[in-house]
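# Secondary and tertiary structure notes
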Amino acid sequence: MTTPLIELQRVRFDYHDRTVLRELDFRLAPGDRVALIGSNGAGKTTLLHLLVGLKRPSAGRILAFGCERASERDFHQVRARVGLLFQDSDDQLFCPTVLEDVAFGPLNLGRSPEQARADALETLDHLGLADFAERITYRLSAGEKRLVALATVLAMRPEVLLLDEPTNGLDEATAERLIAHLDGMEQAMILVSHDWPFLARLATRAVRLVEGRLVDAILHSHAHAHRHSHPHPHSADELTGPHTSLEHRHPH
Amino acid sequence: MTATPIPHLAGSGWIVARDPRLRVGAALAFALITVGLDHPGSTAAALGLALGLALAAGLKTRDLARRLLALEGFMLILVLTLPFTTPGASWFELGSLSASTAGRDLALMILLKANAVVLALMALVGTLEPVALGQALGRLGVPDKLTHLLLMTIRQIHLIHAEFVRLRQAMRARAFVPRTDRHTWRAYGWLMGMLLVRSLARAERLMDAMRCRGFRGRLYRLDTPHWQPGDTLAALGLMTLLGALAWLDHGLGLPGV
């Protein structure tokens, strides 16, 4: 068995005397693309934030790249190798121009301004955002912001990608672009999303966060994995699993 | 969500094309020299110079007037009170109040100086994008923490404003109309409170995102300085004019002039 990139051992997390995660074990192997699903408020975002040290567990161990990580200093190295895409891109973009924002990470990693600029431009070009370099970040549309936020993460050339609802608020064409791009990448990923078609296209396995623990889930692909609605009866127990058709999310 | 809430002075012409560092430095030098002037004649010349700068920066008269008006309101109080509160030879009497000539001269000087400095600031610094100003300050040696604070504030003001607009829309969507009653004041109180709480939470998330990208308290800049020959020329020209201003002031103070 290959050594995992990231491992959580019996991790507990309490938030305002509510236990969000309890005795949670998790392993992310190289090449894994794990769909992390669960109801609203189940602790999916918390789990991602634990992995990069933005939150600290109340108990348990976090191992990343073969070492136990506990202090802020430990996590500096982790953050250089693990890219987190935030749920709200407005939280992520803060520089005046797109180019400066994308170059922010590379500069922090100690690359020279010339190298950082080249990295940023290359990443933007790769995402089809070459014309965006001089745009003002707060004047971008929601979809553009999400892609630029992804560029800011990818410019650091992370080995692991943590994506927190990446397709949220994206139109179909933009989502498709994002999926196609992610599909071409070899990095291990954790995908938090409620967008079943997105998960079905990318994920290699799925885990569900239930009452603070992770249980394996099955991500099955329907033959009709498309997004228009048509009558399609589901039994109640079927709806508890991840699904590639969206019908049951809309009344019809 | 398209425009920045900070009103921007649109300018054009050769001043706007100058290096931000030069403009900040020139504004500072102008302000220092103008404040130190002792004679109405030279101060009026400084005001003329500032007006010339404003015209050269291509500022619209309406923008200028609107901003100066805010200053003049304050100046009005000064002009009305200073002659009566400054001791000295009597200028005129108003009932039991006596206005002094010293107070009149003082008010006139303050009026001229304040207008000159504000005009020059608008022409030289007001036409800078806030971010360019922040970067110029950084490159002039202002501590990193202060320039970060300025840049972050600019960024946050926009987000807080956007949040405010969203919250107010949500209130209006539920038929909220401001009145002068308890309900309105309480609603506004909640709006402000919610705005503060949300802004703080957002600032924390922003900080988290920055830490995720390796931020450790130091911002690195991407831009490269582009000082041009025109900037040197403009710096020399401004230095000559400011020198002339000081010389004129000194000359006016000599006996027999």
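For clarity, every value in this text was computed on a predicted model and none was experimentally measured.

## Some remarks on the overall build of chain A
What chain A contains, in helices and strands, is eight helices and 10 strands. Looking at chain A as a whole, 54% of its 252 residues qualify as buried. Within chain A, residue pairs in contact and separated by at least 24 positions form 63% of the contacts whose partners lie at least 6 positions apart. For chain A, the computed accessible surface area is about 11300 Å², with 49% contributed by carbon and sulfur atoms.

## Examining the sheet that holds strand β2 (residues 18-28) of chain A
Residue and element names in this part refer to chain A. One open sheet holds the four strands; their spatial order is β2-β1-β4-β5, and the pairing between them is antiparallel. What marks the edges here is a single partner per strand, and that holds for β2 and β5 (67-68). When strand β1 (residues 6-15) meets β2, the two strands line up antiparallel, connected through seven bridges. Its bridge partner being in β2, D14 is matched across the sheet by T19.

## Here's the deal with the UniProt feature "transmembrane region" (unreviewed entry) in chain B
Residue and element names in this part refer to chain B. In the numbering used here, UniProt assigns the feature "transmembrane region" (unreviewed entry) to residues 43-61, 68-86 and 106-125. A helix fraction of 95% and a strand fraction of 0% characterise residues 68-86, whose end C-alpha atoms lie 26 Å from each other. End C-alpha to end C-alpha, residues 106-125 measures 27 Å, and it is 100% helix and 0% strand.

## So, the pattern of salt bridges
All told, the structure shown has 28 salt bridges over all chains when counted by the stated rule. A salt bridge links E68 of chain A to R61 of chain A, with the nearest nitrogen and oxygen atoms 2.7 Å apart. Note on R61 of chain A: relative accessible area 35%, which makes it partly exposed. Linking R202 of chain B and D88 of chain A is a salt bridge whose minimum nitrogen-to-oxygen distance equals 3.8 Å. With R202 of chain B in helix α7 (residues 182-212) and D88 of chain A in the loop between β6 (82-85) and α3 (89-92), this pair bridges two chains.

## A look at the packing of helix α2 (residues 40-56) of chain B against helix α8 (residues 229-253) of chain B
All names here are of chain B. For the pair α2 and α8, the least separation of the axes is 8 Å and the interaxial angle reads 160 degrees. If you check the angle between α2 and α8, you find them roughly antiparallel. For the crossing formed where α2 meets α8, the hand is right-handed. When α2 is examined against α8, the residues G41, S42, A45, A46, L49 and L53 are found in contact with a partner set consisting of L238, L241, L242, L245, L248, D249 and L252. Its residues assigned to classes, the contact of α2 with α8 shows 10 nonpolar, two polar and one charged.

## Concerning helix α5 (residues 113-126) of chain A
All names here are of chain A. Compared with the 20 Å implied by 1.5 Å per residue over 14 residues, the 20 Å span of α5 between its first and last C-alpha is a close match. By the burial criterion, the buried members of α5 are A116, D119, A120, T123 and L124. Considered in projection along α5, the buried side chains sweep an arc of 130 degrees and stay on one side of the axis. Every exposed residue of α5 that faces more than 90 degrees away from the buried side is listed here: E114, E122, D125 and H126. If you follow the buried residues of α5, they end up packed against α4 (98-108) and α6 (142-154).

## Concerning the interface of chain B and chain A
At the interface, 26 residues of chain B touch 30 residues of chain A. Carbon and sulfur atoms supply 56% of the area that chain B and chain A bury against each other, a total of about 2800 Å² over both sides. In this structure, the connection of chain B to chain A is made through five salt bridges. Notably, a salt bridge pairs R211 of chain B with E72 of chain A, separated by 3.1 Å at the nearest N-O pair. The tally of links from chain B across to chain A stands at six residue pairs in polar contact (both at pLDDT 80 or more). For the side of chain B that touches chain A, the element with the most residues is α7 of chain B, which contributes eight residues. The class makeup of the residues in the side of chain B that touches chain A is 12 nonpolar, five polar and nine charged.

The rules behind each value
Residues numbered from 1 in each chain as written. Chains lettered and ligands numbered in written order. Predicted model: local features only at pLDDT ≥ 70, side-chain atom pairs only at ≥ 80, totals over all residues. Heavy atoms only, no water. Helix = DSSP H or I, 4+ residues; strand = E, 2+ residues; numbered from the N terminus. Buried < 20%, exposed > 50% of the residue type's maximum accessible area, 1.4 Å probe, protein only. Contact = heavy atoms within 4.5 Å. Areas by Shrake-Rupley, 256 points an atom, 1.4 Å probe, with all protein chains shown as cover. Pairing = 2+ DSSP bridges. UniProt positions renumbered as here; feature names shortened; annotations may be inferred. Salt bridge = Lys/Arg side-chain N within 4 Å of Asp/Glu carboxyl O. Axes fitted to C-alpha atoms, helices over the stretch in contact; angles between N-to-C directions. Parallel < 35°, antiparallel > 145°, perpendicular 65-115°, else oblique. Left-handed = near helix turned anticlockwise from the far one by under 90°. Nonpolar A, V, L, I, M, F, W, Y, C, P; charged D, E, K, R; others polar. Expected span 1.5 Å × (residues − 1). Arc of directions from axis to C-beta. Buried area = accessible area lost by both parts, 1.4 Å probe. Polar contact = N/O pair within 3.5 Å; in protein donor to acceptor, adjacent residues only side chain to side chain.

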